[in-house]
Amino acid sequence: MNCKHFGSCGSCGLYEIGYEEQLKQKEERVSGLLAPFYQGDLEVFDSPNDHYRARAEFRIWHEGDRCDYAMGKMQRDGVKNKGAINIEECPKVIKPIEKRMWKLLEKINASTAVLKQRLFAVEFLATTTDECLVTMLYHRKLDDIWSAEAKELEAELNCKIMGRSRKQKVILSDEFVTEKLEIDGKTFSYVQYESGFTQPNPTVNVKMIEWAIKQAKTVGGGDFLESYCGLGNFTLPLSHYFDKVLATEISKRSIHAALENCALNSIENITFARLASEEMTEALNGAREFSRLKEIDLESYNFSTVLVDPPRAGLDEGTIELISKIENIIYISCNPETLARDLETLVQTHDVVEAAMFDQFPHTEHVESGVFLQKK
Ligand SMILES: C[S@@+](CC[C@H](N)C(=O)[O-])C[C@H]1O[C@@H](n2cnc3c(N)ncnc32)[C@H](O)[C@@H]1O
């Protein structure tokens, strides 16, 4: 990928080396961190080099009567460089965003003050099937005149538009998009809400789910436990390989989406529960009762496999202790440092039998990885 803003825009930090070299450096970093626990091959899953991000957020910079997209400036030598630069291209966003974002800016600039006034950011959430949800964020109250102009924009750009300002959310058509992904020969539909977590790179996401399926296929049944399940990204495709599934997640919005996604894909063996991982541990250890779980017979589960996909902080001690009792563990991580920290405990009971790296975030230092552990 080439971008005229490399070196000044803070969003892509790795731009001086080519994509192959970036991958190699990430592979070395992940292999190095996993080396004390795993000496086998690290499978590497690359990303498209450009047009890979299905969500993006731009600030709006006002100069006189004109609006432009802006991004935070690059930090240099660890020194926080305040300020923003105007963005004239962003080749990392997927085509359904790219084809709309410049037309949107043109329309905003050509419009009356209604769309422009105190607009401070625009967010895009798109799908590989060309749906796009645009959220326009304002420092002012939105009224019916705004809704009428934004509605015209929706039609012109063939997208969905939402407006947000303090304590206000204006949904003109929907607050979600529906992604369709081909995973291991099957099609899955996922409703993705504007405010819920979604994996940013759909191509790599599919590779990641298929890698997890490959591990699930070797397990051969039993029940499946998942924590940090989000909108059911892994849960739905993996459910086919297990008898019963219990999947938990802290966010109300994501659990709502997960339930919708389960129905949308006619899957009947999953129970979703809104629980923080710490609460899931308390519930499964019988240490605390939750009214949210009163319809669920926790005793009826016999988990052969658990999948965890925590945020960057990694797993809490209680969750590590709980999953240590389960035969097979699939650990997906967006932070190889906390993964390595958690493996120090997990390898006391389990062996790492497979490891992979998924380049969800090209042109940045971030890297996603996965390990499959089996009880010793
Ligand atoms: C990296 S995302 C993964 C989501 C999902 N597995 C996916 O692939 O889309 C982490 C998820 O953990 C949830 N989360 C954050 N802290 C949590 C906690 N303490 N307990 C349970 N879920 C949590 C977030 O809401 C988010 O959905």
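Computed from a predicted structure; not experimentally measured.

So, on to the packing of aromatic side chains. Inspection of the entire model under this criterion finds eleven aromatic pairs. Seen in terms of ring centroids, Phe-45 and Phe-358 are 5.3 Å apart; in terms of plane orientation they differ by 20°. Their pairing is stacked. Here Phe-45 is found in strand S1 (residues 42-45), whereas its partner Phe-358 is found in strand S16 (residues 350-358), with 313 residues between them in sequence. When sorted by exposure, Phe-45 lands in the same class as Phe-358, which is buried. Here Tyr-301 and Phe-303 contribute two aromatic rings whose centre-to-centre distance is 5.2 Å and whose plane-to-plane angle is 15°, an arrangement assigned as stacked. Across this residue pair, the class does not change: Tyr-301 and Phe-303 are buried. One aromatic cluster is present, formed by Phe-58, Tyr-69, Trp-102 and Phe-124 through successive ring pairs.

What follows covers the sheet that holds strand S4 (residues 84-87). Strand order in the open sheet made by the seven strands is S4-S3-S2-S5-S6-S7-S8, with mixed pairing throughout. Of all the strands in the sheet, the pair left with one neighbour each is S4 and strand S8 (168-171). Recorded for the sheet is a direction-independent mean angle of 30° between the axes of neighbouring strands. Here strand S7 (residues 160-165) pairs with S8 via four bridges, running antiparallel. Each bridged residue has a counterpart across the sheet, and for Met-162 the counterpart in S8 is Ile-171. In this fold helix H4 (residues 144-157) packs onto strand S6 (132-138), S7 and S8, with an angle of close to 150° to the strand it touches most, S7.

In terms of nonpolar packing, the biggest core is built from 39 residues, with Leu-238 and Phe-272 touching the most fellow members. Residue contributions to this core peak at nine residues, all from helix H5 (residues 202-219). With sequence-adjacent residues up to four places away left out, Leu-238 is seen in contact with Ile-209, Ala-212, Ile-213, Ala-216, Phe-224, Leu-307 and Ile-330. One finds Ala-283, Val-306, Val-352 and Val-371 within the second-largest nonpolar core, a separate group that totals 38 residues.

Attention now moves to the pairing of strand S3 (residues 66-72). Where a strand is regular, its side chains alternate between the two sheet faces. Counting buried positions over the seven residues of S3 gives five, a clear majority of the element. Across five bridges, the pairing between strand S2 (residues 55-63) and S3 is antiparallel. By the bridge assignment for S3, Glu-63 is matched with Arg-66. In sequence, S2 turns back onto S3 through a hairpin of two residues, with Gly-64 there showing a positive phi of about 60°. As defined by bridge partners, S3 adjoins S4 across four bridges and the pair is classed as antiparallel. Bridge pairing in S4 links Gly-72 to Ala-84.

Let us now look at the sheet that holds S1. The strand order across the open sheet built from eight strands is S1-S16-S17-S15-S14-S11-S12-S13, with neighbouring strands paired in mixed fashion. The sheet terminates laterally at S1 and strand S13 (270-274), the two strands that pair on one side only. For this sheet the average axis-to-axis angle between neighbouring strands, irrespective of direction, equals 15°. Sheet analysis places S16 next to strand S17 (residues 368-375), joined by eight bridges and oriented antiparallel.

Moving on, we get to the site of the ligand. Among the 17 residues in the neighbourhood of the ligand, the closest are listed as Gln-199, Asn-233, Glu-249, Ser-277 and Asp-309. At 2.8 Å from a nitrogen atom of the ligand is found a main-chain nitrogen or oxygen belonging to Ser-277. At a separation of 3.3 Å, a nitrogen atom of the ligand approaches a polar side-chain atom of Glu-278. When the ligand sits alone it has 590 Å² of accessible area, and the protein chains cover 87% of it. A breakdown of the residues in the shell around the ligand according to their chemical character gives nine nonpolar, five polar and three charged.

Cut-offs and rules
Residues numbered from 1 in each chain as written. Predicted model: local features only at pLDDT ≥ 70, side-chain atom pairs only at ≥ 80, totals over all residues. Heavy atoms only, no water. Phe/Tyr/Trp six-rings, centres within 6.5 Å; stacked < 30°, edge-to-face > 60°. Helix = DSSP H or I, 4+ residues; strand = E, 2+ residues; numbered from the N terminus. Buried < 20%, exposed > 50% of the residue type's maximum accessible area, 1.4 Å probe, protein only. Pairing = 2+ DSSP bridges. Axes fitted to C-alpha atoms, helices over the stretch in contact; angles between N-to-C directions. Contact = heavy atoms within 4.5 Å. Core = buried A, V, L, I, M, F, W, Y, C linked by side-chain atoms within 4.5 Å. Near = heavy atom within 4 Å. Polar contact = N/O pair within 3.5 Å; in protein donor to acceptor, adjacent residues only side chain to side chain. Areas by Shrake-Rupley, 256 points an atom, 1.4 Å probe, with all protein chains shown as cover. Nonpolar A, V, L, I, M, F, W, Y, C, P; charged D, E, K, R; others polar.

So far we have only geometry, and geometry alone does not tell us how the molecule works.
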